[in-house]
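Chains, contacts and geometry: an overview
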Amino acid sequence: MFKEIQVIRIRKPEKKIKTMKIKLIYPKWTKLEGQTHFNLPPHGPVVFAATLPDYVEIEFTDENVEPLTITDDCDLVAISMMLTTQIKRGWEIAETYHSLGKKVIFGGISTMLHAEETLQHADSVFLGESEGRMEQVLDDFRKNRLQKVYNFMNNRPDIALVGPARRDILKSELYYHKGVQMVDLFHASRGCRFSCYPCAVTYLGGREFRPRPLDKVIEELETIQNNRLFIVDNSLAQDTQWEKDLFREMIPLKKKWCSHTIEDKPEVLNLAAQAGAWYVYQAVFDTSDYIKDRIKMYHDYGIGVEGTILLGLDNQTEDDILRLIDFLLEIDLDLAEFTVMTPFPHTKAWDDMIREKRIFNFDWNDYNAGKVVFQPKHMSPERLQELFYLAWDTFYKDESQAQKMFKLFRKVIEKEIEDGTYRSRRQDLADISFGKKVTRGS
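For every chain, the first residue of its written sequence is number 1, and the numbers climb from 1 along that sequence. This being a predicted model, a pLDDT of at least 70 is required before a residue's local features are given, and a value of 80 or more before pairs of side-chain atoms are given or counted; all residues contribute to the totals for chains, interfaces and linings. Water and hydrogen atoms were dropped before computing side-chain values, which therefore reflect all heavy atoms in the structure.

Describing the overall build of the protein chain
What the protein chain contains, in helices and strands, is 14 helices and 18 strands. Against the compact-globule benchmark of 22 Å for 442 residues, the protein chain has a radius of gyration of 22 Å, which places it among compact chains. Reported as C-alpha extents along the three principal axes, the dimensions of the protein chain are approximately 65 × 55 × 50 Å. For each residue, the accessible area found with a 1.4 Å probe, counting protein chains only, is set against the maximum for its type, and the residue is called buried under 20%, exposed over 50%, and partly exposed in between. A burial count over the protein chain gives 53% of its 442 residues as buried. Summing over all exposed atoms, the protein chain offers an accessible surface of approximately 21100 Å²; the carbon and sulfur share of this is 50%. The positive count covers Lys and Arg only, the negative count covers Asp and Glu only, and His and the chain ends enter neither. For the purpose of locating charges, the reference atoms are NZ of Lys, CZ of Arg, CG of Asp and CD of Glu. Each charge class in the protein chain was averaged separately, 61 positive and 69 negative side chains, and the resulting centres sit 4 Å apart. Put simply, DSSP marks the helices as runs of H or I at least four residues long and the strands as runs of E at least two long, and each gets a number from the N terminus on. Our radius of gyration looks at C-alpha atoms and nothing else; its globule reference is 2.2 Å times the residue count to the power 0.38. Only the protein chains shown count as cover for residues, and the accessible areas themselves come from Shrake-Rupley with a 1.4 Å probe.

Structure, rendered in C-alpha cells:
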C-alpha cells in the first residue's frame, strides 16, 4: 500500500517560471472483434490538462486516431491510461522514452488499478485526482526530486476546483466519422454511493456522491461547441433533487446527450427529455417486468435505451443467459452491448476470485470485457465465451449494429431539426473516418 501524500502549499515565485513542455500520451488499444469501432475524444487527458499551470505547454497524442512520433523535444512525458488494455502499451512507450533519457509520469484510472506494476516502468506514478496538485509535482520535477509515488487516493480535492476541461489540446477533426462528429465527453459529478460487485469506482473515486457546483457545470457546458455529449458520470441517479436541478439548468442549452443511469421517476424523466436526453445506458440484469417497464418508460418520454448486459456472473447458469438473450428481443432495446464478467483489480470480484483461485489469465491485453479470463461458477470458460458471441449474433441477427446505431442517430437528428440545433455533416471530411481515408460504402 502506497503512503498517501499530504498537500504542500508552494509559495509562488516572484519571477516568471520558464515554460515547460509536456508530451501527453493516450495509448492505443485493440478494439473488440466484430463490433462497430468508434473513437471518442478521451476525457481523462483533457481533464488532467486543465489542472496544469499556465507555464506548461502541452503536446497531446491520442494513439487511437494518430501515430505517435517519439522525439526528445519535451521536458517531461505524461502517460494517461483509462483502460487495463492500455497499460502494456503505456509501459512500452515509457521504455522508449527512457532510452532517450526522458522521465515519465503515469496517471489515470488504469494507473491507479495497476500502480505497483506500472511503477516498474515509471519515474513517477500519480494516484488520485490532480486538481490543485500539479504545482507540487512539477516543482519537484524542476528541482530533480520527483517522487516515485504521489498518492492522493484518499485525499480528494474540493470538487469546486474542477474547471472546464482543456478540449483545445484535442485535434478535433480526428474525431469525425465520414463527416459526423463524435460526442464530446463531460462530467457533472464524481464518486458513487453504490458499490457494485464488478466495479472499481468506489476505490477510484470514493463511495460518496460528489456533485460539481451547478454554476461550474453550466459554465463548462456553455464552452463546448459540440451539440452532442456523453455525460460520463458513474450514475446520475444518486440524488433526485440534484438530478432535477441539473436537467432544469441544461434545458436552455439545447444539448443532446447520452448518459449512464438516470432515475425512472416521471418528474426526472420529463426534465431529462426537455434537457435533451438522447439515450441512456440501462443495465439488464434479469428478465423481470421491472426491466421491461423501465425501458418502456424511457421510450414513453422519447429517450432511447442501450442495454448493457453482463454475462458470467456467479448467479447465472447457461439457461439463465439463454433466457436473457431471448428476453432482449422482446423489450424493444435500441441497442445492446454485451460484456463478459471481468475481474479487474480493486473490485470485489477480483478479491473473491483471487481468493478462490479462479483467475487463469493475467495478460492485461485480454482484460477487454470480451474475453473470459476466469473460471465461471456454472459452466466452462469456453462455453461462456461461446454464449458471449451468441448474444451478439442473436441480438443483431435481423439488424446489424450499424443499422441500429443509424436509427438511433436519426432520432437525434429529428430532435435537433425540431429545436433548430441541427448541423449538417462536414462534407470536407465525408471520406475520412478518424483521420483515415475510407470509401463511402465502407
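After that view, the rundown keeps rolling.
Observations regarding the pairing of strand 1 (residues 20-26)
Here strand 1 lies mainly inside the structure; seven of its seven residues are buried. Alternating positions in strand 1 separate into two faces, M20, I22, L24 and Y26 on one and K21, K23 and I25 on the other, with burial throughout. We treat two strands as partners when DSSP finds at least two bridges between them. Across seven bridges, strand 1 lies against strand 2 (residues 56-62) in parallel orientation. Residue pairing across strands places I25 opposite T61, the latter belonging to strand 2. A crossover gets the label right-handed when its path from the first strand over the helix to the second runs clockwise, viewed with the strands pointing away from the viewer. Following the backbone out of strand 1, through helix 1 (residues 44-49) and into the adjacent parallel strand 2, one traces a crossover that is right-handed. Taken together, the four bridges between strand 1 and strand 3 (residues 76-80) define a ladder with parallel strand orientation. By the bridge assignment for strand 3, L24 is matched with A78.

Some words on the side chain of K404
Here K404 shows up in helix 14 (residues 401-419). Working rule for contacts: check all heavy atoms of both residues, and any pair within 4.5 Å makes them a contact. The contacts of K404, once residues within four sequence positions are left out, are D334, L335, F395, Y396 and E399.

Remarks on the environment of F126
On the secondary structure map, F126 appears in strand 5 (residues 124-127). Overall, the relative accessible area of 6% leaves F126 in the buried class. Distance in space between the C-alpha atoms of F126 and A78 is 9.9 Å, their sequence separation being 48 residues. Beyond its immediate sequence surroundings of up to four residues, F126 is in contact with I105, F106, G107, T111, R133, M134, V137, Y150 and F152.

Concerning the sheet that holds strand 3
An order of 2-1-3-4-5-6 is seen for the six strands of this open sheet, with the pairing classed as parallel. With partners counted over all chains shown, the strands left at the sheet margins are strand 2 and strand 6 (149-151), one partner each. Neighbour-to-neighbour, the strand axes of this sheet turn through a mean angle of 20°, independent of strand direction. To obtain each axis, a line is fitted to C-alpha atoms, and for helices this fit is confined to the stretch in contact; angles are then taken between N-to-C directions over 0 to 180 degrees.

So, helix 10 (residues 289-300)
An expected span of 1.5 Å times one less than the residue number is assigned to each helix. For helix 10, built from twelve residues, the straight-helix expectation of 16 Å at 1.5 Å per residue is met to within 8% by its first-to-last C-alpha distance of 16 Å. Among the residues making up helix 10, those that are buried are I291, R294, I295 and Y298. When helix 10 is viewed along its axis, its buried side chains cluster within an angular range of 95° and face the same direction. Exposed residues on helix 10 whose side chains face more than 90 degrees from its buried face are D289 and D300. Those residues of helix 10 that are buried lie in contact with helix 9 (266-274), strand 14 (277-283), strand 15 (304-311) and helix 11 (318-328). One or two residues past the end of helix 10 sits G302, with phi positive at roughly 75°. Directions drawn from the helix axis to the C-beta atoms are what define this arc.

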